[in-house]
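Listed here are the chains, written in short residue letters.
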Amino acid sequence: MELLALLFLSFCFLTLSGRTFAAESETPVARVTVREDDDVILPCSLDTNENIESMLFDWVKEVPRKEVFMYRNRSHYNNGLPGQDVEFKGRVSHYPEELKYGNASIRLKQTRLEDKGTYTCIFPEIKPSEKIFRIELVVGAGPKPYVTILKENGLLECEVPGASPKPTVEWWDSDNKTLPSKTVQDKEEQGRFHVIVQTTVTEPGCYRCVATQMEKWHRISSEICVHRGAGPKPYVTILKENGLLECEVPGASPKPTVEWWDSDNKTLPSKTVQDEEQQGRFHVIVQTTVTEPGCYRCVATQMEKWHRISSEICVHREKTAQPPSGLPEWAAALIGGFIVVVFVVAVGVVLKIKGYSLKKDLQRMENGPSSELERNLTSEQP
Ligand SMILES: *[C@@H]1O[C@H](CO)[C@@H](O)[C@H](O)[C@H]1NC(C)=O
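Engineer: Just checking my understanding: could you explain the overall build of the chain for this structure?
Structural biologist: Along its length, the chain carries 2 helices and 25 strands. Put simply, the chain has 382 residues, and 38% of those count as buried. Long-range pairs, those at least 24 residues apart, make up 58% of the contacts in the chain with a sequence separation of at least 6. Carbon and sulfur atoms make up 54% of the accessible area of the chain, which amounts to about 23,300 Å² in all.

Engineer: Would you explain the site of the ligand in this entry?
Structural biologist: Close to the ligand lie Ile41, Ser45, Tyr95, Glu98, Asn103 and Ser105. Residue Asn103 places a side-chain N or O atom 2.3 Å away from an oxygen atom belonging to the ligand.

Engineer: Would you explain the nonpolar core in this entry?
Structural biologist: Nonpolar side chains in soluble globular proteins tend to be buried together. Counting 34 residues, the largest nonpolar core has Phe57, Trp59, Phe69, Tyr119, Phe123 and Leu137 as its most contacted members. Secondary-structure elements contributing two or more residues to this core are β3 (29-35), β4 (40-42), β5 (56-61), β6 (66-72), β9 (106-108), β10 (117-123) and β11 (131-140).

Engineer: Any chance you could explain the state of the cysteines here in plain terms?
Structural biologist: Here a disulfide denotes a covalent bond joining the sulfur atom of one cysteine to the sulfur atom of another. Counted according to the given criterion, the structure contains 3 disulfides. Between the sulfur atoms of Cys44 and its disulfide partner Cys121 the distance amounts to 2.0 Å. Here the disulfide of Cys44 and Cys121 is left-handed, its torsion about the S-S bond being about -70°. Taken together, the positions of Cys44 in the loop between β4 and β5 and Cys121 in strand β10 put the pair 77 residues apart, joining distant regions of the chain. No difference in accessibility class separates Cys44 from Cys121, as the two residues are buried.

Engineer: Explain the sheet that holds β4 here, please?
Structural biologist: The strands that make up a sheet pair up through hydrogen bonds in the backbone, lying either parallel or antiparallel. With antiparallel pairing, 3 strands are arranged side by side in an open sheet as β4-β9-β8. Each end of this open sheet is capped by a strand with a single partner; those strands are β4 and β8 (92-94). With direction set aside, neighbouring strand axes in the sheet form an average angle of 30°. Taken together, the 3 bridges between β4 and β9 define a ladder with antiparallel strand orientation. Each bridged residue has a counterpart across the sheet, and for Ile41 the counterpart in β9 is Arg107.

What counts and how
For every chain, the first residue of the written sequence is number 1, and numbering continues from 1 along that sequence. At least 70 in pLDDT is required for a residue's local features to be given in this predicted model, at least 80 for side-chain atom pairs to be given and counted, and no such filter applies to totals for whole chains, interfaces and linings, which use all residues. Derived side-chain values reflect all non-hydrogen atoms in the structure, with water molecules and hydrogen atoms excluded from consideration. Numbered from the N terminus, helices here are DSSP runs of H or I no shorter than four residues, and strands are runs of E no shorter than two. Relative accessibility thresholds used throughout: buried, under 20% of the residue-type maximum; exposed, over 50%; partly exposed, between the two (1.4 Å probe, protein chains only). Only heavy atoms matter for contacts: two residues are in contact if any of them lie within 4.5 Å across the pair. Surface exposure here means Shrake-Rupley accessible area, sampled with a 1.4 Å probe, where a residue is shielded only by the protein chains that are shown. Nearness of a residue to a molecule or strand requires only that one of the residue's heavy atoms be within 4 Å of it. Here a polar contact means two N or O atoms within 3.5 Å. Within protein one must be a hydrogen donor candidate and the other an acceptor candidate, and residues neighboring in sequence count only if both atoms are side-chain atoms. By nonpolar core is meant a set of buried Ala, Val, Leu, Ile, Met, Phe, Trp, Tyr and Cys residues that side-chain atoms within 4.5 Å join together. Our working definition of a disulfide is a cysteine sulfur pair at a distance within 2.5 Å. The pairing criterion is simple: DSSP has to find at least two bridges between the two strands. Each axis is a line fitted through C-alpha atoms, and for a helix only the stretch in contact is used; angles between axes span 0 to 180 degrees, taken between their N-to-C directions.

So yeah, pure geometry; function would need other evidence.
Take a look at the structure:
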């Protein structure tokens with residue numbers, strides 16, 4: 001049960017955010033950052049917005065020079081025009097609908113570390129002079145940090161599996177403040193850095209693992225929210241036959257509100273018989289007395305109704321003739337039957353004796369008064 005709840009909570013929020021920075025440092029060089037394996041658009045657009053459908057433009061990667069994508073009057077590398085470097089075969093596309101607006105941007109699929117470098121977008125036939133746009137592509141192998149809740153007591157782990165260049169990995173709270181953390185792994189394999197950083201949080205809330213590369217220039221983070229509703233399921237028992245129910249929540253954090261509810265979800269009057277804190281966990285015992293048979297629930301609520309877990313118990317009306325404990329039912333029945341027989345016999349015997357004495361009494365009554373009457377009658381006779 002606890003594990004299930006934990007799993008559920010671990011899944012709550014796992015949002016990943018990646019950012020692509022495009023900053024113009026010196027015209028017309030633009031810098032585009034992409035995460036390895038992601039697609040990227042290399043922008044190139046004429047400010048004049050003139051239609052370039054029947055024009056020529058060429059995308060080239062520099063040093064060493066490689067043909068990336070050429071478009072010449074509706075012919076291009078994807079429809080038969082020869083000359084594309086094998087490295088880019090099947091990985092580059094343009095936006096035919098955008099050509100009308102002077103947009104010669106291309107999309108590069110599944111970027112690799114080797115794709116990094118400077119790209120130029122050239123319009124050689126534009127008058128009065130050719131137009132050149134420069135794009136610096138940075139492929140950061142900045143894999144999404146993978147964040148998990150390791151332990152319910154708030155141990156969070158962040159793994160950055162294979163980043164390049166070397167990332168700074170930090171845990172931030174929701175105010176973007178860096179939390180004290182411990183780097184438990186930091187190794188390099190073929191130019192990629194594998195980093196694992198752990199932190200312990202004491203408060204529920206949302207935390208981010210932030211991997212920063214290239215001096216804040218490329219930053220990627222993963223968020224995880226700790227609800228710490230790893231509240232154990234309340235344990236409910238019938239303490240006494242007269243309807244004393246007990247609910248125990250053994251070690252919840254944050255502090256739970258523990259209530260007894262009837263089947264209409266109405267809170268019953270109850271008594272907190274234990275409310276202890278041990279190492280940040282609350283051990284609560286709450287009792288209630290019920291007078292009616294029925295099903296009752298003990299509800300432990302944490303984090304303002306965000307996390308609620310309950311256990312139900314049903315109280316049956318007490319049986320009038322409970323078989324003696326420890327005896328099987330057939331034995332009880334046998335004994336019961338025997339008792340009935342004895343009782344019947346006893347009653348019979350009593351009745352018989354009573355009947356006999358009754359008869360005697362009747363006889364006496366018959367004889368007594370009548371003889372007296374007779375006597376009286378005889379005495380009154382003149
Ligand atoms: C050019 O087209 C691409 C792809 O549709 C788009 O992302 C980009 O914003 C366009 N550029 C301009 C300047 O419209």
